[in-house]
Amino acid sequence: MSVEGRTEDSGHNEGRAAAQILHRSLQKAFKIENEITDTTSEFEVIDIDRIGLLYPILSNIKQQLREALALSGLSHVPLQDILRLRRLCEERLNAARIMEFKFEDNPGKEHQAMRFDCGLISGYICLLIRSGGRQEIQLCSGNVFQTVSDALKNVLETCIIPTLIPANQLQIFATAEPFAALISACEQILGLFATLVGSIKFSETVLDTLESTALLLLFTDNGTEKTGLKKLRTAALDLIVQVFHYYPTQRPSIVNEILISLKKMPTSQNSRDFKLLKGGSIQVVSALIMRIIQSASSGYDDSHFNERNMSLASDLDLEAGRLKDSRTEVRKKSSKKVKPMTTQALSALVSPMLDTAANIAMQITGFIIGRALSPTKTRDESFRNLLYIFIEDFVRSFDCPEWPAAELLLRLILFKMIRLLEVEKTTTTVKLMAVDVLGLMGAAISSLNFNIRHTTQSEHFKTNLGWCPRNATEESLLKPRLEDITPLGGPFHASVEFLILQSALEPQMYGALRYLTAQWACSTYDSTGINTNPKNNRQERSLLAARLQKMITEKLYEPKAFDPHCVNASNARVAYSLTLLRSQFYSAKSPHASIRCRSLKAVLQILEADPLLIDRTPAVKTLISGRTNDISVLVQLTPELGTEMMPDILRRVTDESVAVRRRAIKILKDIYVRDPGVNARNKIAEALLYRTADLDQTVRELACQSIEEIWISSHLPVSTKKVSSKTTLSTASHVCLMAEVIRKDRRLPSIFTTALQAILLRPSRGSAALRVYSSFVTTMFDMIDRSTAKDNTAVDAAATFQLLLVFAKANANVFTKQQIQLLTPYVGNIGTEEDMIIYRSVISILYHTLPYVLDVDQELLRSMGTGIIKQITRFTRAILNEVIPCLWTISKILQDNKPLTTLALSCLEHIRNMVYLRFHDPAKQEAVRKVKKLLLIAGMCGRYCHFETQLEHFQMRFKHCHSVYEFMIGTFSLFSSSPQPVDLRKAALDAICMVCQVRPKYFTSSVVTTLFEETFKEKNSLLETVILQAFKEFFLAEEQHSEVINRVATKLDHIGGSELDGVAAFITQKFASNRKDLMRIALATQGDQALLATEVLASMARQGLLHPKECAQICIALETSQNRKIAELSFITHQTLHQKFESIIKDDHLRAVEVAYEYQRDVVHNVRGATCDPYLSILHRMMEVTKSGRIKGRKEFFEGLCARIEPDLSKSSGIDVPQYLQRSQFILENIAFFEYASAEELNATVFAMEKVFTRAGIAVVDAIETELLGQTTPIAESGNIDSNRLWTLAASSTTLSGLWDAMTYLRQQYGLLCSSSSTTSETSKNSSGAPNKVDGFDGRAFWERNSMVMTTLDSEQTMLSMCRAFIELFHEGIDSEVIALAGSNLPKRTPRITGTKGGDKVQRRKRKAPPNRLSQKRRKIQSKR
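Residues numbered from 1 in each chain as written. Predicted model: local features only at pLDDT ≥ 70, side-chain atom pairs only at ≥ 80, totals over all residues. Heavy atoms only, no water.

> Explanation requested: the nonpolar core in the structure shown.
One recurring pattern in soluble globular proteins: nonpolar side chains tend to sit buried together. In this structure, Trp711, Phe752, Phe972, Phe1031, Met1100 and Ile1231 are the most contacted members of the largest nonpolar core, which totals 243 residues. Those residues in contact with Phe1031 that sit more than four places away from it in its chain are Phe1003, Phe1012, Phe1016, Ile1067, Phe1071, Leu1078 and Val1096. Of all hydrophobic cores here, the second largest spans 163 residues; its members include Cys118, Ile125, Ile254 and Phe498. (Core = buried A, V, L, I, M, F, W, Y, C linked by side-chain atoms within 4.5 Å. Buried < 20%, exposed > 50% of the residue type's maximum accessible area, 1.4 Å probe, protein only. Contact = heavy atoms within 4.5 Å.)

> Got a minute to help me understand the state of the cysteines in this structure?
Such a bond, covalent and formed between the sulfur atoms of two cysteines, is termed a disulfide. Under the counting rule described, the total for this entry stands at zero disulfides. Unpaired in terms of disulfides, Cys993 finds its nearest cysteine sulfur in Cys996, a separation of 6.1 Å. Relative accessible area serves as the criterion here: at 3%, Cys993 is assigned to the buried category. (Disulfide = S-S within 2.5 Å.)

> What is the right way to look at the packing of helix H58 (residues 1217-1233) against helix H60 (residues 1283-1310) in this model?
Angle between the axes and distance between the axes are the two parameters that describe a pair of packed helices. Packing of H58 against H60 brings their axes to within 10 Å, and their N-to-C directions diverge by 5°. Of the possible angle classes, the one that applies to H58 and H60 is roughly parallel. Counted together, Val1217, Pro1218, Tyr1220, Leu1221, Ser1224, Leu1228, Ile1231, Ala1232 and Phe1233 of H58 and Trp1287, Thr1288, Ala1291, Ser1292, Thr1294, Thr1295, Gly1298, Leu1299, Ala1302, Tyr1305 and Leu1306 of H60 form the full contact between these two elements. Taken together, the residues of the contact of H58 with H60 sort by class into 14 nonpolar, six polar and no charged. (Axes fitted to C-alpha atoms, helices over the stretch in contact; angles between N-to-C directions. Helix = DSSP H or I, 4+ residues; strand = E, 2+ residues; numbered from the N terminus. Parallel < 35°, antiparallel > 145°, perpendicular 65-115°, else oblique. Nonpolar A, V, L, I, M, F, W, Y, C, P; charged D, E, K, R; others polar.)

> So what exactly am I meant to see when it comes to the packing of aromatic side chains here?
For any pair of aromatic rings, the description rests on two quantities: the centre-to-centre distance and the angle between the ring planes. Per the counting criterion, the structure on display carries 38 aromatic pairs. Between Phe1366 and Phe1370, the aromatic rings sit 6.0 Å apart at their centres with planes inclined by 35°, giving tilted as the arrangement. Of this pair, Phe1366 and Phe1370 are both found in helix H62 (residues 1356-1382), four residues apart, which corresponds to roughly one turn of the helix. Classification of Phe1366 as buried rests on a relative accessible area of 0%. For Phe1370, a relative accessible area of 0% translates into the label buried. What links up through ring pairs into an aromatic cluster is the set Phe1003, Phe1012, Phe1016, Phe1031, Phe1034, Phe1035 and Phe1071. (Phe/Tyr/Trp six-rings, centres within 6.5 Å; stacked < 30°, edge-to-face > 60°.)

> What am I meant to see in the side chain of Ser122 here?
Residue placement: Ser122 occurs in helix H4 (residues 109-130). By relative accessible area, Ser122 is classed as buried at 0%. At 2.9 Å, the side chain of Ser122 forms a polar contact with the backbone oxygen of Cys118. (Polar contact = N/O pair within 3.5 Å; in protein donor to acceptor, adjacent residues only side chain to side chain.)

> Before we go on, may I ask you to explain unusual backbone geometry in this structure?
Glycine aside, the phi torsion of most residues is negative, and most peptide linkages are trans. Although it is not a glycine, Asp855 sits at a positive phi angle of roughly 60°. Mapped onto the secondary structure, Asp855 falls in the loop between helix H39 (833-849) and helix H40 (858-870). The exposure class assigned to Asp855 is exposed, which follows from its relative accessible area of 66%.

> Before we go on, may I ask you to explain the pattern of salt bridges in this structure?
Pairs can form between side chains of opposite charge once their charged atoms are near each other. Within this structure, the stated rule accounts for 36 salt bridges. In this structure, Asp1077 engages Arg1080 in a salt bridge whose closest nitrogen and oxygen atoms are separated by 3.8 Å. Taken together, the residues Asp1077 and Arg1080, both in helix H51 (residues 1077-1082) and three residues apart, mark about one turn of the helix. For Asp1077, a relative accessible area of 4% gives the class buried. Notably, a salt bridge pairs Asp1301 with Arg1345, separated by 3.4 Å at the nearest N-O pair. Of the two residues, Asp1301 is situated in helix H60 and Arg1345 in helix H61 (residues 1340-1346); the sequence distance between them amounts to 44 residues. Using a relative accessible area of 11% as the deciding quantity, one classes Asp1301 as buried. (Salt bridge = Lys/Arg side-chain N within 4 Å of Asp/Glu carboxyl O.)

Structure representation (structure tokens):
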């Protein structure tokens, strides 16, 4: 077609001129052909010459022929020249069709590529000649399309595709000019075919060849990023889409080939090489799937082909002229009057088109999802990865108007995933995949909402964008009505306008344009109205329907309905996004922990894309808050939403699971950094400080590291610059925050001190941390010096001094002489309660800092010491613990011990003078108080002061004093005997223990040992606590001793050679191994005294002082304590013992279960073997420890545990029936709710239960049938029933019935098969791996049945009923076991569920068993085995 504006004559002249240029090139080609001599016998030489000479000429002819066709000048070229050119090209084309590329011919590779290129250029020329519109040429052209397509396929298969395999060879060869030209020729051939398939009706053979060739390129993993073949693959994509568009009969074969070829696709993220207009890339196959779905809505059939009009002049025209022509045609045709039509007719027009696209989309998604759901073969497992990649690509294209099919594909996948989650039989693995997919799609929708909200908040949004709905608010834009987006001039129209403009530049956009127009038409029918005026409404709807009809049926589009900026790429994407906002938010629910975890992670993905969603949707916050209380550790680990969920996260920081505590710590640290609120930071810092004293080392280290990052590292002072006022204020505010936190609990200062010391131990950060400590101390003294603080740095003096004490204990080197002098006014001030708090802190600061601060004024120190001693009787024990050490430190600096020596002598003298008083007399209570105070002061002096050098002073006062400490212990012991009041005995015992702490050898003295023995024998908890506290302090100090740290306690009889080691060994042997006092106290209660005993035993075990057998049983029992500190400490100790001495302690596990049962029964007052909600074994900590051991040991343990249930029916056994029932209940519930570490041990447990049930059941049934049911007289009338025997048989029947219920529950819970030996499970094919549980199955039925155990002994009638029920249960169980033993022809998944209560029963014929039936059953079992 001529370019607009040219006259017909000028167009005719241009065509003739183009024909003349082409004619001259043809003559050159013919001349070269004639000049090649025919006398040479070397065919190869002739071919080489022809290629070298003809190649440039044919390239020129190709371009000139294209221009001549564009200008309708082919008719001016002589027919004989065209025919001769065709014969010349056919010779080269046929050669390219049959040649093979020889890779071994290295020197000739470039020439081979040139020969192929020449053949493809010739094919291109033949196609131009065939489609040029001259009828006489078309009639004699033969099947040139088939020849060219065969040649193209041969070039790709033999040259380009194989060359892509060896990457190193390709990189060298692809840089050669002939090879690059060959790839370009392939691209041009594919492009020309893509143009021709819409104008000329190809045969099915040609189409099949083109399809296979294009798909070969698309599905070959050819490293397109390196080879530069993107254009070639894009050309192949365009060709496939055009064939799919214009040939509906080919669509099924194309779809099938795509699905078959999917398994060849790469599953790596690097395979995305198809660029999107908005940026980013997707896989070319993803683009192919979306484009064929968009093309399926075209409604084309074969009737559009017109054999009488074969000219491609308009199709091969230059792009500029083509664009102008198309716009002119649109403008002319659109001027015609539009005939109104109804929206119902419009819907009937577009519905079949969209249904066709939807059917193809369902076929593709159904195939991919189906293969992803059942990875039964290795090659199918990749489909799950492909599904994720496709969804990610569709999500990336979701908001692009040029890819409207992405929304359809995602919608279909969404519906499928929801159905999978709703079906109860769906496996856990499939549900996990479904939730992951929903998370990806939900994140895309939330990101869409967020982007729209961000865009619409712009001031110029509504005023500058003409398609924006009138009177739109942010809320209405996020929830648009159809009538807001479907009218002319609305978002749908703007999206279509953008595609009209884009399709003029990129013809492949026509498919998206047609599909989006059909969607627009369908949405128009669904909308309820455009205007409130019914008449105007009908008129506008009819006009819109007519306009859409013309777009769809006549392919007439009217551009320029909007200003250009309204439909640029970014604004068009916003307009299209408004049309997509009818999707719904979805979050999965499931009873399975891993699915709940994935579901919550999916919600978090959505919130990451749209953080404001949690504020707008309270249900989301409720969902996440509920998940933090989930019973599963997996689910608790997930939430990380910051301040909004901080209360829930603070609860989880004390969770029983170490993993949950660690995760909560990390989240809290991140919140602290982001949230400047003082209240939130206080709560977080307090929680983190507590965790620095966690029993688990990994939690302690993580918490300490977090404290360092938020409190220390972030305040590192800059030493090279003067500190600014802003920095000073920030430091003061931070110091106030720390002071406020540690004053909340009396334990926090000590915990913070330990954390600060741990930070200093880090080699890389110790010096920097010390600078921060010094900065904090300086800031606090500045605040004290100013007396009052400003603004937000206000904090009371007591908290400031308490924080100063923390840093003094952490490292006294950060204090200076001047700072010590500032403390002087506070030493003598103890008027109010707050003054006493400050006084106590100041005294302790002096004690810790004076040894390290040099040149302190001695007169100042002397004055301090004198003032303190004068007030010493006013101090409590806690204050004296700080005052006496401080006085001793001052006396050492002054080198004057006389004041303290005098104090001690005075106390001892008064104590000895009051020995003979009758303290039980109520009138002597003041004397008791006075003696207690004197004992306390003297004991403190004995602990903190070294008086051995002052022996002469003591002997001057007491002639019989040969050793200061012996004399002190002898004096104190006068008040420790049983005739004295308990309070006085406690004070005397405490004083003796204080002296022993500084001189541990006195722990082994006869006086102290006898005193301790009498105290433990008396079992006075008040006095025992004093001794236990002394033991705790001694053993903890012993652990910190350098000799203990370096000790390798690998031998059981290894005791160190030092004095401390000897004392530790003596205490252990005396009070733990021989007398068992510590074990008794630990197992007696769950209070503080039991915790003290547990701490002492744990320290002994850590030091290798106790034999593992002595403490393993105690640890296992104490692990079941409801006192969390006792349970966790025992658990850690048990872990340590198991790691070192597994082979020694494994045989004691069964005895440990007995100890644990007795502890639960007598102390915890619980005889159940598990807890409900959740169902958790009482011995779960023991199982957690043993999981790291050998599987053989665990199997033996489970087998032995089952054997403990077996009843002893011998009449001389004399069993305690209620205790036997309770113990059996305890064991059975533990077995049922254990978390088994491997399928092998689970199978061994079930097999052991079967053996016990069969062996014991035979004996029990035999006894019941013989002694009870075998009587001739009815039981109700007989008076000869032995009640004890009936009690025993009923208890045995109850226990074995419970054993059967537990065994049935395990089979149901883990989906076990019904073999009686080597039980296997489909979910546990690998016997060493953990068995998988059946989804949605809990232990409520078993728990409720087992709760009725003790009721079976309520009356004689209930006991008889239990015996009869057990006989029936046993016979049914034996029947099923016999069938299982002989059941090789039974289905592999036949379940064996025969419980009398709950669950589905196997239908059987009920009959009463005669007495002789048991022997028949026994013979059956023996014969089968």
